[in-house]
Amino acid sequence: MTPMRIDRFLAQCGAGSRSEVKQLLKKGLVLVNGITAEKPETKVIPGQDRITVAGEPVCYEPHEYVMLHKPAGCVTAARDARHKTVMEYLGAEYQADPASGQSAPVLHKADLAPVGRLDRDTEGLLLLTSDGDLAHRMTAPKSHVDKTYFAKVRGFVDEEDILAFASGLEIGEKHPTLPAKLVVLSGGAMSEIELTIQEGKFHQVKRMFAARGKEVLYLKRISMGGVRLDESLLPGQWRRLTAEEIQTLYDACGLPQGHDTKGR
Ligand code: URA
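Residues numbered from 1 in each chain as written. Predicted model: local features only at pLDDT ≥ 70, side-chain atom pairs only at ≥ 80, totals over all residues. Heavy atoms only, no water.

K.L.:
How should the site of the ligand be read in this particular structure?
P.N.:
Near the ligand you find Leu118, Asp119, Thr122, Tyr149, His203, Gln204, Val205, Lys206 and Leu219, and these make up its full shell. Here the ligand has 230 Å² of accessible area as a free molecule, and 95% of this is covered by the chains. Looking at the shell around the ligand element by element, the count peaks at 3 residues for helix H5 (residues 204-211). Residue composition of the shell around the ligand, by class: 4 nonpolar, 3 polar and 2 charged. (Near = heavy atom within 4 Å. Areas by Shrake-Rupley, 256 points an atom, 1.4 Å probe, with all protein chains shown as cover. Helix = DSSP H or I, 4+ residues; strand = E, 2+ residues; numbered from the N terminus. Nonpolar A, V, L, I, M, F, W, Y, C, P; charged D, E, K, R; others polar.)

Printed below as a string of structure tokens:
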């Protein structure tokens, strides 16, 4: 585990808000390995340093943030009687921590939940976290978090489609879709495109193309909230997010308290 700031550590452990934690430090109630720590920027190593507040030991349960390269054929669910689930790809083995290059602790799989869903046949970036606040904000319609997909589409995707996607499409919902950015990578009988949307309605990308008389034959999410799929991950592989990636997600959904990237 890499060192982190004691104020962030204590806030994560539920000892109080950042400002309450600062007061605890100021009052000399926090000890690190038996020595009073007064400065909020004091670095500690969770799981290694012995930390107490008013004589009580503090247990560290950090949130987990993971990206999975979801393969086709598995469902975005914790359990499913018929199909393999995304959770089954999250092995219990030790993984290299991308931030430090060191071996990181075993993933607490039970606490993880997918951030939004991908269809069974969709591949690509799936984020999973135990941070419920972040997951909620990332998927809340009003957060308008960007999701970018690569797709192979049957039919010639052209300028008219770009304009239609930009102005919103009727896909059988109460309201038309929000403006979406369609980029044609190659047009032809089979077109290749990139599409950025800020919603996550059921089968949204497929339904948007269907509304234009075209069929999505292959779909892969390549980024979400500014975090790109790490293409060095093969389908089925996962890794923890770096501190910078976590901060990017916080920024993308406008969470006020950013992740302490330096202290992670
Ligand atoms: N849109 C879809 O149609 N399917 C997905 O899996 C994600 C977005």
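K.L.:
Where do I start with the pairing of strand S15 (residues 215-224) in this structure?
P.N.:
Working note: regular strand, side chains alternate between the two faces of the sheet. With 7 of 10 residues buried, S15 is to be regarded as a mostly interior element. Relative to S15, strand S11 (residues 123-129) is paired through 2 bridges, and the arrangement is parallel. Paired with Glu123 across the bridge in S15 is Lys220. As paired elements, strand S12 (residues 147-154) and S15 share 8 bridges and run antiparallel to each other. Its bridge partner lying in S15, Lys152 is registered against Tyr218. Across 2 bridges, the pairing between S15 and strand S16 (residues 227-228) is antiparallel. The residue of S16 that forms the bridge with Met224 is Val227. Between the end of S15 and the start of S16, which pair antiparallel, lie 2 residues, with Gly225 showing a positive phi angle near 55 degrees. (Buried < 20%, exposed > 50% of the residue type's maximum accessible area, 1.4 Å probe, protein only. Pairing = 2+ DSSP bridges.)

K.L.:
What's the story with the confidence of the model for the chain in this structure? I'm lost.
P.N.:
Regions with low pLDDT carry predicted coordinates that are not meant to be interpreted in detail. Confidence in the prediction of the chain, expressed as mean pLDDT, is 88, and 87% of residues score 70 or more. Throughout residues 93-105 the model reports pLDDT below 50, and contacts reaching past four residues in sequence, or to other chains, amount to 20 contacts. This stretch, residues 260-264, has a pLDDT under 50; its non-local contacts, to residues over four places away or in other chains, come to 21 contacts. (pLDDT = per-residue confidence, 0-100. Contact = heavy atoms within 4.5 Å.)

K.L.:
Explain helix H3 (residues 132-139) to me, please; I cannot follow it from the model alone.
P.N.:
Of the positions making up H3, those classed as buried are Leu134, Ala135 and Met138. Seen end-on, H3 carries its buried residues on one side only, within an arc spanning 100 degrees. Exposed and oriented more than 90 degrees from the buried face of H3 are Asp133 and His136. As for H3, its buried residues are in contact with strand S7 (65-70), S11, S15 and helix H6 (243-252). (Arc of directions from axis to C-beta.)

K.L.:
Whenever I open this one, the sheet that holds strand S2 (residues 30-32) confuses me. Can you help?
P.N.:
Strands pair in a sheet through their backbones, by hydrogen bonds, and they do so in one of two ways: parallel or antiparallel. Pairing is antiparallel in the open sheet, where 4 strands are placed in the order S3-S2-S5-S6. At either end of the open sheet lies a strand with only one pairing partner, and these are strand S3 (35-36) and strand S6 (56-57). Inspection of the sheet shows S2 paired to strand S5 (residues 51-53) by 3 bridges, in the antiparallel sense. Note on S5: the bridge partner recorded for Val30 is Val53.

K.L.:
Would you take a moment to explain the nonpolar core for this structure?
P.N.:
In globular proteins that are soluble, nonpolar side chains generally tend to be buried together. By size, the foremost hydrophobic cluster in this structure holds 29 residues, and its most contacted members are Leu195 and Phe209. Residues lining this core come from more than one domain, with at least three contributed by each of domain 2 (65-141 + 227-253) and domain 3 (146-224). The next biggest cluster of nonpolar side chains, apart from the first, holds 19 residues, and it includes Tyr65, Leu134, Val227 and Leu229. (Core = buried A, V, L, I, M, F, W, Y, C linked by side-chain atoms within 4.5 Å. Domains from an automatic or database assignment.)

K.L.:
Teacher, can you tell me more about unusual backbone geometry here?
P.N.:
Working note: non-glycine residues mostly have negative phi, and peptide bonds are mostly trans. With a phi angle near 50 degrees, Asn33 is a residue other than glycine that sits in the positive phi range. Positionally, Asn33 belongs in the loop between S2 and S3. In this structure, His203 is a non-glycine residue whose phi angle is positive, near 50 degrees. Secondary-structure assignment places His203 in the loop between strand S14 (190-197) and H5.

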